[in-house]
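# Structural features, examined
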Amino acid sequence: MMAQYLALKEQAADCLLFYRMGDFFELFFDDAKIAAQVLDIALTSRGEHGGAPIPMCGVPVHSAEGYLARLIKAGCRVAIAEQVETPEEAKRRGGSKALVARDIVRFVTAGTLTEEALLEPRRANVLAAVCEVRGAIGIAACDISTGRMELEECAPDQMSAALARLGASEVVAPDTWDHAPGECVPRPNRSFGSDEGEVRLKAVHGVSTLDGFGQFTRAMLAAAGGLVTYLDHVGRGALPLLLPPVAREAGTHMAMDEATRSSLEILVSSGGARRGSLVESIDRCVTGAGARQLAEDLSAPLTDARAINRRLELVSWLHDDPLLRGDIRGILRALPDVGRALGRVVAGRGSPRDLGQLRDGLSEARRLHDLLRGRSDRPEPLDAMLPSLAGHGALCDLYSRALVPAPPTERSQGGYIAEGYDASLDELRRVSGNARRAIAALEAKYRDDTGIAALKIRHNGVLGYFIEVPAKHADRLMAPESGFTHRQTMAGAVRFNALALHEEASRIAESGGHSLAAEEAHFEELVAHAVRAKEAIAATAAALARIDVAAGQAERAAEGGWALPRVVDEPCLEIIGGRHPVVEAALAAKGERFVANDCALGPQDRLWLVGGPNMGGKSTFLRQNALIVLLVQAGGFVPAQSAKIGLVDRLFSRVGAADNLARGRSTFMVEMVETAAILSQATERSFVILDEVGRGTSTYDGLSLAWAVAEAIHSINKCRCLFATHYHELSRLAEACDSLSLHHVRAREWKGDLVLLHELAEGPADKSYGLAVARLAGVPAPVIKRAKSVLEKLEKGRAATGGLAAGLDDLPLFAAAIEAAEEKVDALRERLNGLDIDALSPREALDLLYQLKAQANG
Ligand code: ADP
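What counts, and where the lines are drawn
- Residues numbered from 1 in each chain as written.
- Predicted model: local features only at pLDDT ≥ 70, side-chain atom pairs only at ≥ 80, totals over all residues.
- Heavy atoms only, no water.
- Helix = DSSP H or I, 4+ residues; strand = E, 2+ residues; numbered from the N terminus.
- Buried < 20%, exposed > 50% of the residue type's maximum accessible area, 1.4 Å probe, protein only.
- Contact = heavy atoms within 4.5 Å.
- Areas by Shrake-Rupley, 256 points an atom, 1.4 Å probe, with all protein chains shown as cover.
- Lys, Arg positive; Asp, Glu negative; His and termini not counted.
- Charge placed at Lys NZ, Arg CZ, Asp CG, Glu CD.
- Pairing = 2+ DSSP bridges.
- 1 Å grid on protein atoms, 1.4 Å probe; cavity = no way out; pocket = protein on both sides within 12 Å on 5 of 7 lines; lining within 4 Å.
- Points joined across faces, edges and corners; volume = space filled by probe spheres on them.
- Nonpolar A, V, L, I, M, F, W, Y, C, P; charged D, E, K, R; others polar.
- Salt bridge = Lys/Arg side-chain N within 4 Å of Asp/Glu carboxyl O.
- Near = heavy atom within 4 Å.
- Polar contact = N/O pair within 3.5 Å; in protein donor to acceptor, adjacent residues only side chain to side chain.
- Axes fitted to C-alpha atoms, helices over the stretch in contact; angles between N-to-C directions.
- Phe/Tyr/Trp six-rings, centres within 6.5 Å; stacked < 30°, edge-to-face > 60°.
- Lys NZ or Arg CZ within 6 Å of the ring centre and 35° of its normal.
- Arc of directions from axis to C-beta.
- Core = buried A, V, L, I, M, F, W, Y, C linked by side-chain atoms within 4.5 Å.
- Parallel < 35°, antiparallel > 145°, perpendicular 65-115°, else oblique.
- pLDDT = per-residue confidence, 0-100.

Before going further, it helps to spend a moment on the overall build of the protein chain. Across its full length, the protein chain carries 29 helices and 26 strands. By its C-alpha atoms, the protein chain is 125 × 80 × 70 Å across when sized along the principal axes. Counting over 858 residues, the protein chain shows a buried share of 48%. Restricting to contacts in the protein chain with at least 6 residues of sequence separation, those with at least 24 account for 67%. Summing over all exposed atoms, the protein chain offers an accessible surface of approximately 40,800 Å²; the carbon and sulfur share of this is 53%. Here the protein chain contributes 98 positively and 113 negatively charged side chains, and the mean placements of these two sets differ by 5 Å.

If you trace the backbone, Leu-690 turns up in strand β23 (residues 687-691). The spacing of Leu-690 and Leu-166 is 524 residues in sequence and 24 Å in space, taken between C-alpha atoms. Once you skip the residues sitting within four places of it in the chain, Leu-690 turns out to touch Leu-622, Arg-654, Ile-678, Val-709, Ile-713, Cys-721, Leu-722, Phe-723 and Ala-724.

Quick look at the sheet that holds strand β11 (residues 185-187) now. Read from one edge of the open sheet, 6 strands run β11-β10-β7-β8-β9-β12, paired in mixed fashion. Looking at which strands have only one partner, the edges of the open sheet turn out to be β11 and β12 (246-247). Looking at chain direction, strand β10 (residues 170-174) and β11 are connected through 3 bridges and run parallel. Bridging across to β11, Ala-173 finds its partner in Pro-186.

Of the pockets and cavities examined, the second largest pocket occupies roughly 1,200 Å³. Forming the boundary of the second largest pocket are 31 residues, of which Glu-65, Arg-106, Glu-115, Arg-349 and Glu-410 lie nearest the centre. For the lining of the second largest pocket, the per-class residue count stands at 11 nonpolar, 8 polar and 12 charged.

What follows concerns the pattern of salt bridges. Tallied over the entire structure, the rule returns 50 salt bridges. For Arg-122, the salt bridge is made with Asp-283, and the minimal N-O distance between the two is 3.3 Å. Placement of Arg-122 in the loop between β6 (102-108) and β7 (127-133) and of Asp-283 in the loop between α9 (278-282) and α10 (288-299) is noted, with a sequence separation of 161 residues between them. Judged by its relative accessible area of 9%, Asp-283 falls in the buried class. Taken together, the shared-partner salt bridges connect Glu-116, Arg-344, Arg-353 and Asp-354 into one network.

We now examine the site of the ligand. Val-595, Met-615, Lys-618, Ser-619 and Thr-620 are the nearest of the 13 residues found near the ligand. A distance of 2.6 Å separates an oxygen atom of the ligand from a polar side-chain atom of Ser-619. The side chain of Thr-620 places a nitrogen or oxygen atom 2.6 Å from an oxygen atom of the ligand. Burial of the ligand by the protein chains amounts to 80% of its free accessible area of 560 Å². Counting residues per element, the shell around the ligand draws most heavily on helix α22 (residues 618-633), at 3 residues.

What follows covers empty space enclosed by the protein. Under the defined criterion, the tally for this structure stands at 3 cavities of 30 Å³ or more. There is about 50 Å³ of room inside the second largest cavity. If you go around the second largest cavity, the residues you meet are Arg-106, Phe-107, Thr-112, Ile-144, Leu-231, Val-234, Gly-235, Ala-238, Pro-240 and Arg-349. Residues belonging to the lining of the second largest cavity are distributed by class as follows: 6 nonpolar, 2 polar and 2 charged.

Taken together, 4 strands build an open sheet; the order of strands is β13-β14-β16-β15 and the sheet is antiparallel. With partners counted over all chains shown, the strands left at the sheet margins are β13 (456-460) and β15 (484-489), one partner each. Neighbour-to-neighbour, the strand axes of the sheet open up by a mean angle of 40 degrees, direction not taken into account. Pairing analysis gives 5 bridges linking β13 to strand β14 (residues 464-470), with the strands arranged antiparallel. Looking across to β14, one finds that His-459 is bridged to Tyr-465. Sitting on the sheet, helix α17 (residues 423-450) is in contact with β13, β14, β15 and β16 (493-498), with an inclination near 135 degrees to β13. Lying on the sheet, helix α19 (residues 499-532) is in contact with β13, β14 and β16; it crosses β16 at an angle near 75 degrees.

The full count for this structure, using the stated rule, is 8 aromatic pairs. Considering the side-chain rings of Tyr-5 and Tyr-19, the 5.5 Å spacing of their centres and the 75 degrees angle between planes classify their relative orientation as edge-to-face. With Tyr-5 in helix α1 (residues 2-12) and Tyr-19 in strand β1 (residues 16-21), the pair connects residues that are 14 residues apart, well separated along the chain. Summarising the burial analysis for this pair, Tyr-5 and Tyr-19 share the class buried. Each ring, one from Tyr-19 and one from Phe-28, has its centre 6.1 Å from the other, and the planes form 65 degrees; the classification is edge-to-face. Note on Tyr-19: relative accessible area 0%, which makes it buried. The exposure class assigned to Phe-28 is buried, which follows from its relative accessible area of 0%. The positively charged end of Arg-20 is found above the aromatic ring belonging to Phe-25, 5.8 Å away from the centroid.

Taken residue by residue, α1 has Met-2, Gln-4, Tyr-5, Leu-8, Lys-9 and Ala-12 as its buried positions. Projected down its long axis, α1 shows its buried positions confined to an angular sector of 155 degrees, all on one face. Exposed and facing more than 90 degrees away from the buried side of α1 are Ala-3 and Glu-10. Looking at the buried side of α1, the elements it contacts are β1, β2 (24-28), α2 (29-39), β4 (52-60), β5 (78-83) and β6.

Formed by 71 residues in total, the largest nonpolar core has its most connected members in Leu-298 and Phe-687. Take this core: its biggest share by element is 9 residues, from α22. Setting aside residues no more than four positions away along its own chain, Leu-298 makes contact with Met-256, Ile-266, Leu-278, Val-279, Ile-282, Leu-630, Leu-631 and Ala-634. Leu-127, Val-172, Leu-210 and Leu-242 belong to the second-largest nonpolar core, a separate cluster that totals 39 residues.

With respect to the helices and strands, Gly-135 occurs in the loop between β7 and β8 (136-143). Between the alpha carbons of Gly-135 and Val-629 there is a distance of 33 Å; along the sequence they are 494 residues apart.

Further remarks concern the packing of α2 against helix α3 (residues 64-73). Between α2 and α3, whose axes approach to 10 Å, the crossing angle comes to 100 degrees. With respect to α3, the element α2 is oriented roughly perpendicular. In this structure, α2 contributes Ala-35, Val-38 and Leu-39 to the contact, and α3 contributes Tyr-67, Arg-70 and Leu-71.

Before going further, it helps to spend a moment on the pairing of β7. When you tally the buried positions in β7, you get 5 out of 7 residues, the bulk of the element. Where β7 meets β8, 7 bridges bridge the pair, whose relative direction is antiparallel. Its bridge partner lying in β8, Leu-127 is registered against Cys-142. Between the end of β7 and the start of β8, which pair antiparallel, lie 2 residues, with Arg-134 showing a positive phi angle near 45 degrees.

On to the confidence of the model for the protein chain. Chain-level statistics for the protein chain give a pLDDT mean of 90 and a share of 95% at 70 or above. For residues 659-664, every residue scores under 50 in pLDDT, and the model assigns this stretch 7 contacts once sequence neighbours within four places are set aside.

The next point concerns the side chain of Arg-248. By secondary structure assignment, the location of Arg-248 is in the loop between β12 and α8 (258-264). There is a polar contact of 2.8 Å between the side chain of Arg-248 and the side chain of Glu-150. A polar contact is formed between the side chain of Arg-248 and the side chain of His-253, at a distance of 2.7 Å. When near neighbours in sequence (up to four residues on either side) are disregarded, Arg-248 contacts Glu-150, Leu-151, Glu-152, Arg-165, Met-220, His-253 and Ala-300.

The structure is reproduced here in structure tokens:
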């Protein structure tokens with residue numbers, strides 16, 4: 001057995017091997033140690049190997065899913081080795097001692113789950129494959145629980161942003177690729193070929209050209225090759241549901257990098273949970289599929305005004321009609337997860353219950369169709385969706401006739417095909433039903449015949465049907481002419497058989513076997529119907545999800561008094577009475593009120609410097625505006641009185657290093673890397689929020705960097721920007737930068753206490769209130785007193801020297817300063833470019849190096 005185990009383990013490589021033995025999956029060696037620890041189950045041992053006992057642990061097959069879920073969550077991958085023949089077959093093949101053949105039937109990995117119990121209903125489960133083809137990155141992503149597949153190409157520096165948007169739970173990449181993203185599963189390089197990808201996709205969809213699906217680049221196809229090959233590998237040749245690939249075009253979605261996503265806490269809050277995130281505060285979807293679609297909308301807001309307006313039109317229609325919205329949500333609430341049921345059915349892991357879910361889901365979709373079709377005022381985007389909601393009449397009819405009302409998840413017991421669907425099945429059931437009744441009658445007859453009232457006919461897996469009497473009555477049945485044959489003696493009871501009982505029991509077994517086989521055959525056929533209609537069913541599921549998202553957005557808007565935003569072309573950001581949905585909810589829970597604030601950025605006033613005390617509401621203000629932009633472009637209402645937004649191509653959000661201490665890498669370094677990305681990528685159509693940039697270093701460094709960054713954003717990037725800072729000195733930027741204005745969050749000192757008003761006002765902040773905030777936070781009075789006297793000394797010194805920013809008056813203008821710096825670099829570059837290195841002797845080379853260094857120093 002160990003030889004068989006070790007051979008399988010070799011194939012399972014970096015997976016834990018679940019080795020099927022009877023009713024258990026057993027794990028051995030290191031696998032057992034890992035599993036025992038993760039699952040907190042007993043580690044035992046068995047036999048020996050190489051002179052030492054073999055560590056072992058096991059989980060029961062019937063509850064394996066729960067254990068698998070925990071292992072996958074802990075980052076493990078699992079290979080399932082099943083028995084692929086029965087013990088009888090093994091005996092026939094190799095004699096009485098033959099070992100049952102086993103094989104790995106499936107690899108269970110985070111990105112390839114379809115089981116309801118292993119998936120989160122409100123989150124998509126994405127598997128991505130990434131590779132590089134001649135300088136371009138190809139990404140193929142799919143959610144095999146619903147079959148959606150998307151291909152895209154991007155530049156290498158956009159790869160991490162693209163992956164962040166996808167939020168994949170598993171990423172595969174070529175094993176020979178040096179720049180593969182961290183934490184990915186290495187796969188053979190040859191599977192990432194564009195030819196391979198094309199051939200695979202054609203085969204999956206049974207087409208001779210992919211043109212009908214869209215235009216795909218070589219990088220996209222290569223990634224698709226890697227993805228499909230991997231799915232083939234983990235499914236051991238059985239491919240899951242894959243819908244035709246969709247090419248994601250560059251520029252159709254608002255770009256956000258990973259730092260922006262995490263700082264805006266879109267899908268998860270800073271603690272890593274859904275609680276406290278944007279999506280949690282706006283998600284009012286009543287189906288899991290709707291919630292998944294909403295999360296995707298928020299991860300990839302649109303940049304096309306027409307597409308955004310189409311979404312808004314639907315939300316607005318549902319917003320204005322609460323009764324209709326209620327009806328729609330009522331229907332949706334009862335819906336099973338059609339997309340995921342289809343995913344399991346097509347992957348060959350479907351159960352009768354999944355077919356029942358398709359039946360119920362598709363008939364409810366029809367009901368929704370009829371409800372919406374009856375409305376003459378429906379908006380155009382809905383019209384386009386209506387046909388996908390209907391059209392499954394024949395399938396629903398078939399499933400309604402074929403299946404019982406609530407089919408089971410288990411197939412092995414049968415009983416899921418409805419009566420009246422198949423006359424021969426009904427007959428088989430009648431025969432076994434008659435035989436069961438006959439057995440009940442036999443029990444009464446045997447009691448009469450023998451006079452033993454305690455006689456019972458019972459059933460177990462080993463003996464089948466048998467007659468049992470208490471031991472004290474056994475003698476009567478033991479008599480040779482009694483008509484009973486002895487089977488087994490237990491403590492206190494003796495078991496017998498009888499001819500009539502044997503006959504009825506055989507009838508049950510035979511008809512039972514036949515009816516199981518008949519139900520199996522029907523099941524296969526019903527599955528085939530769903531597989532044939534998979535694309536139409538997936539389209540229905542997608543339409544249902546879209547309607548749920550719109551109705552949910554409308555519900556949220558009605559609940560919070562949100563406004564329908566206006567999308568315009570010029571680069572403005574005019575928000576009146578804007579609020580932060582998450583902070584507002586948190587305050588409401590404590591019975592406190594959120595103070596709404598306006599924002600008005602436009603071509604003449606693109607950059608707002610926001611000052612004011614800590615805790616005054618600067619970060620909240622910055623983020624609420626970024627979130628409002630995101631919500632608008634995702635196609636929803638916004639928490640504001642009104643909002644007029646010029647489309648944003650890229651959104652950036654950065655928080656000064658001190659807020660990100662948990663990140664490991666030098667936090668200031670991280671801050672600067674992220675700031676560099678903004679300066680190189682933000683365009684005139686971008687929107688940037690910068691919160692206390694420069695805070696992570698000394699005062700002078702920090703101030704200088706914040707100054708230069710603000711100037712660059714103003715004069716070079718020219719994007720819309722909100723810049724929160726506590727450096728007063730930055731207010732002097734307003735003198736030189738035309739499109740920059742000063743704002744602050746208001747605070748008052750009242751009877752020696754600081755009152756934070758969380759209200760935005762124009763003009764620079766008057767003072768920093770740092771000490772007052774410290775007192776508010778409970779820093780002891782003697783410390784505050786001491787700080788006050790230190791501050792006085794410092795301020796005196798500052799007044800004497802002209803202040804921290806004393807030397808800034810004669811600073812050349814930003815653009816001029818840059819030119820000067822560049823000139824110098826260019827002279828050096830010219831000299832370097834003109835060099836013929838091969839023609840230099842080592843001595844000359846060294847001399848030259850000295851000269852270059854001198855030149856560089858000026
Ligand atoms: P800052 O960035 O100025 O240090 P924050 O934006 O982090 O301040 O806000 C600090 C706290 O003040 C928040 O956690 C919130 O409780 C409260 N707050 C912020 N903005 C508002 C507002 N507009 N209305 C009411 N309370 C607010």
